[in-house]
Amino acid sequence: MWNYIWILFLIYLLIEISFAKAASVDDGLTSTCPALDPRLNYRPIIGILSHPGDGASGQLSNATDASYIAASYVKFVESAGARVIPLIYNEPPEVLQSKLNLVNGVLFTGGWSKAGLYFDVVEGIFNQVLKKNDAGDHFPLLAICLGFELLTMVISKNNNILEAFSASNQASTLQFMKNVNIEGTLFQRFAPELIAKLSTECLVMQNHKFGISPETFQGNMELCSFFKILTTSRDENNKVYVSTVQSESYPVTAVQWHPEKNAFEWGLSMIPHSDDAIQVTQHVANFFVSEARKSFNNPPAKEVLDNVIYNYSPTYRGKEGKGYDEVYIFTEKAAPFHYKM
Ligand SMILES: *[C@@H]1O[C@H](CO)[C@@H](O)[C@H](O)[C@H]1NC(C)=O
């Protein structure tokens, strides 16, 4: 009986040893991973500023202190490997400031509000972004549609600089400026064929009534010393406006078009959803989040968990058509009248 058990045990040992040998053969190839790049932050967080209203013409909330973020912006950021913290625009300045200190970059969304508290908050956050970069962090800002228009107003110091354009629910091309260098810009990751298609096929979504012509843009000292124009587009009347700009001294990018819509919005009839159009969404998201990975702001984990967007639920309203498919609604206490950040 004991002999029998010993033989079984010996067989077991032999098998184990031969397996161990087999495993040791490719040890060096499979069991270690190269060290991560110490110059990057692999847990980036993006702050998205909420916009006044419910994003649904009062269908979801008529509260005067309601604000919203279309879920497409959240998915856009998350799809590229970052988490989102909502920066609720009408929270008290000190709360907003503490949330700004939890993130590695900021996104300004589309919308319509160009005055009052929202304008002041956008200007305040923009100045903070410059300050963070001046202090040595690499802290990116991506401004989309209304965000583009607001940065144009803030940087030019001229609230009447925008002009009327007809680009509602319009897919368009992007025309690159002559001899433009796309290294270090949001187009950096685009394959050459996709860059070529951008100027001949309508791969980007426009939805705006205002904009700025290249002449007006270049006629403003502040604007053209801060931003380099990368592309222009044409509205429904063939009027040319600036559609993509990149700062040369700060990681600040502004687009009059909507990179997030191609992959994540279905309510407007002209949104491009082709393979190429989805790649446009993905490349822009990857560019923005890769910029945020260069930010070393490392907030306390508990504060992040308390504030990330997962604490909120989006509301589906795609069945109404036309607007956003999903929105996050925030109802927070309004900030004091005088805003200082
Ligand atoms: C908001 O007001 C409008 C107009 O009075 C109304 O039709 C709508 O149902 C209201 N929305 C909510 C969420 O109560």
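Residues numbered from 1 in each chain as written. Predicted model: local features only at pLDDT ≥ 70, side-chain atom pairs only at ≥ 80, totals over all residues.

### Some points on the pairing of strand S12 (residues 252–255)
Here is step 1 of the chain: The side-chain alternation of S12 yields two buried faces, one formed by Val252 and Ala254 and the other by Thr253 and Val255.
Here is step 2 of the chain: Where strand S6 (residues 141–144) lies against S12, four bridges are found, and the strand directions are parallel. The partner of Leu141 across the bridge, within S12, is Val252.
Here is step 3 of the chain: In terms of strand pairing, strand S11 (residues 240–247) meets S12 through three bridges, oriented antiparallel. Among the inter-strand pairings, Val245 is bridged to a residue of S12, identified as Ala254. (Buried ≥ 20, exposed ≤ 12 C-beta atoms within 10 Å, placed from the backbone. Helix = DSSP H or I, 4+ residues; strand = E, 2+ residues; numbered from the N terminus. Pairing = 2+ DSSP bridges.)

### Thoughts on the UniProt feature "active site" (unreviewed entry) in the chain
Here is step 1 of the chain: Per the UniProt record, the feature "active site" (unreviewed entry) sits at Cys145 and His258. A maximum C-alpha distance of 6.6 Å is found for the annotated residues, which run over 114 residues; spatially they form one tight group.
Here is step 2 of the chain: Examined against the element boundaries, Cys145 turns out to sit in the loop between S6 and helix H6 (146–156).
Here is step 3 of the chain: The contact partners of Cys145, leaving out residues within four places of it in the chain, are Gly110, Asn207, His208, Gln256 and His258.
Here is step 4 of the chain: For His258, the location among the structural elements is in the loop between S12 and helix H10 (261–264).
Here is step 5 of the chain: Once residues within four sequence positions are removed from consideration, His258 is found in contact with Gly110, Ile144, Cys145, Met205 and Asn207. (UniProt positions renumbered as here; feature names shortened; annotations may be inferred. Contact = placed C-beta atoms within 7 Å.)

### Topic: the site of the ligand
Here is step 1 of the chain: The full set of residues close to the ligand is Gly58, Gln59, Leu60, Ser61 and Asn62.
Here is step 2 of the chain: Counted by class, the shell around the ligand contains one nonpolar, four polar and no charged residues. (Near = placed C-beta within 6 Å. Nonpolar A, V, L, I, M, F, W, Y, C, P; charged D, E, K, R; others polar.)

### Brief notes about unusual backbone geometry
Here is step 1 of the chain: The phi torsion at Asn179 lies on the positive side, around 55°, for a residue other than glycine.
Here is step 2 of the chain: The phi dihedral of Asn238 is positive, around 70°, even though this residue is not glycine.
Here is step 3 of the chain: Here Asn238 is to be found in the loop between strand S10 (227–234) and S11.

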